[in-house]
Amino acid sequence: MTEEVLIGGYTRRIGKGIYRGIFDATTATVSDIQPFINLDNASYLTISNRNILYTVIKDGDQGGIAAYDLASGTPVFLNAVLAAGAPPAYVAVDEDRQLVYAANYHKGEILVYQIQADGSLTLASTTVHEGHGPRPEQASAHVHYTDLTPDHRLVVCDLGTDELVTYVVDNAGQLTKVAIYKSEPGFGTRHLVFHPNHKTAYLLGELSSEVTVLDYHAADGTFSAVATYSMLPADWHEANGGAAIRVSKDGRFLYASNRGYNSIVVYAISDDSRQLRAIQQMSTDGEFPRDFNLSANDDFLLAVNQNSDNGTLYRRDAQTGLLAACQKDLETPEGVCVLFH
């Protein structure tokens, strides 16, 4: 069984943008990693059910989201919606409403785009967050994640304000705020992932290097905290930033990446989904693992290290959740996003 794997990355040093490789589960390898789409700052990407790729893009002093049709196997540029200033940091697709959401960290903005008949985009709405947190990195609002709850509200992580904000979205892409969850000051709310039971969510704090277990209340879109867990061993006291977070499809294990300690931390999830137990700290064999992802059947995990330009493929034990490296030193120049496809 083979899958394509797309690796998005920065283009500040040696990166070319988006790379494509072939993942083979039988041989436990990723091979033939080659430039796929040359564009600046392809730091996050997603693919719709129609095989349209939506990616962050930087173009001179502008930034935005670009659309590429991948149906033929060769990417066909559809369009890019750009605005002055820094590009977004996250992008997600809403299939039901045919919308795309983007999070602009530097501007503190939520961007909503309408998907046109050919897969191209038009800007539907912009919502700006305001506020700040106690740490130097929190001088202003920093929207870092914009994606859907299981019941199709929009939930937004704001690293600058330590907030998780829930919105109702109409079919035209207009947002109405319905709830705010406030993390501990300095938590640095970055990314969120839901348990398969749709009742529990796991919130990653970039600045605190912690994961908070949350109850999600579908009746009104609110979240409430259950418990918070460190992502680091007790004897680590140097700089670290939490980054990506994923949950296995069976809901038994949670994975998160540490930039600084340079590891994937593995948690066992309790049967009721509301407790975590750290069971492994697996080195990423590189520096600054901003992102990683699980293969389609969850048997493998690929992590990419932004600063050392290399990736590591791990075999994942479905019963224990533990990781074992099976391929090291993959060439992933400035890689910061992993997408199995």
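Below you will find a few notes about this structure. Going along each chain's sequence as written, the residues are numbered from 1 onward. pLDDT decides what is reported in this predicted model: residues at 70 or higher carry local features, side-chain atom pairs at 80 or more are listed and counted, and totals for whole chains, interfaces and linings draw on all residues regardless. In computing side-chain values, all of the structure's heavy atoms are included and hydrogens and water are not.

## Comments concerning the nonpolar core
Defined as follows: Each nonpolar core is a collection of buried residues, namely Ala, Val, Leu, Ile, Met, Phe, Trp, Tyr and Cys, held together in the definition by side-chain atoms within 4.5 Å. Each residue's exposure class comes from its accessible area (1.4 Å probe, protein chains only) as a fraction of the maximum for that residue type: buried when under 20%, exposed when over 50%, partly exposed otherwise. Contacts are assigned to residue pairs with any non-hydrogen atoms lying within 4.5 Å of each other.
The biggest cluster of nonpolar side chains holds 58 residues, and the ones touching the most others in it are Ile-18, Leu-53, Tyr-54, Leu-164, Leu-192 and Phe-223. Once you skip the residues sitting within four places of it in the chain, Leu-53 turns out to touch Leu-6, Ile-18, Ile-37, Leu-45, Thr-46, Ile-47, Ala-66, Ala-67, Tyr-68 and Leu-70. Ranked by size, the runner-up nonpolar core spans 15 residues in total, among them Ile-33, Leu-313, Val-338 and Phe-340.

## A few points about the environment of Arg-274
Stated formally: Numbering goes from the N terminus for both helices and strands, where a helix is a DSSP run of H or I of at least four residues and a strand is a run of E of at least two. We define a polar contact as two N or O atoms separated by no more than 3.5 Å, with the added condition that, inside protein, one atom must be a possible hydrogen donor and the other a possible acceptor, whereas residues neighbouring each other in sequence contribute only through side-chain atom pairs.
With respect to the element layout, Arg-274 can be found in the loop between strand S22 (263-269) and strand S23 (276-283). Beyond its immediate stretch of four places on either side in the chain, Arg-274 contacts Thr-200, Val-213, Asp-215, Val-226 and Tyr-229. At 2.7 Å, the side chain of Arg-274 forms a polar contact with the side chain of Asp-215.

## A few points about the packing of aromatic side chains
Here the distance between the centres and the angle between the planes together describe a pair of aromatic rings. Going by this rule: Aromatic contacts are taken between Phe, Tyr and Trp rings whose centres are within 6.5 Å, Trp giving its six-membered ring; a plane angle under 30 degrees counts as stacked, one over 60 as edge-to-face, and the others as tilted. Whether a charge sits over a ring depends on NZ of Lys or CZ of Arg being within 6 Å of the ring centre and within 35 degrees of the ring normal.
In total, this model carries nine aromatic pairs according to the counting rule given. Summarising the aromatic geometry, the rings of Phe-23 and Phe-340 are spaced 5.4 Å apart at their centres and angled 75° between planes, so their arrangement reads as edge-to-face. Residue Phe-23 is located in strand S2 (residues 17-24), and its partner Phe-340 is located in strand S28 (residues 335-340); the two are separated by 317 residues in the primary sequence. The exposure class of Phe-340 is buried, given its relative accessible area of 13%. It is Arg-12 that lies over the ring of Tyr-10; its NZ or CZ is 3.8 Å from the centre.

## A short note on the pairing of strand S14 (residues 163-169)
Selection rule: Strands pair, by our definition, only if DSSP identifies at least two bridges between them.
By the criterion of burial, S14 is predominantly enclosed, with six of the seven residues buried. Across five bridges, strand S13 (residues 154-158) lies against S14 in antiparallel orientation. Paired with Asp-158 across the bridge in S14 is Glu-163. In this antiparallel pair of consecutive strands, S13 and S14, the connection spans four residues, and Asp-162 shows a positive phi of 60°. Pairing of S14 with strand S15 (residues 175-182) involves seven bridges; the strand directions are antiparallel. Looking at S15, one finds that Thr-166 is bridged to Ala-179.

## Some details on the sheet that holds strand S5 (residues 52-59)
In plain terms, the rule: Each axis is a line fitted through C-alpha atoms, and for a helix only the stretch in contact is used; angles between axes span 0 to 180 degrees, taken between their N-to-C directions.
On the basis of which strands lie adjacent, the open sheet formed by four strands has the order S4-S5-S6-S7 and antiparallel pairing. Each edge of the open sheet is held by one strand with a lone partner, namely strand S4 (45-47) and strand S7 (76-84). Averaged over all adjacent pairs, the angle separating strand axes in this sheet is 20°, with direction ignored. As judged from the eight bridges shared by S5 and strand S6 (residues 62-69), these two strands associate in the antiparallel manner. Within S6, the residue paired with Val-56 across the bridge is Ile-65.

The quantities given are spatial measurements derived from coordinates; they are silent on function.
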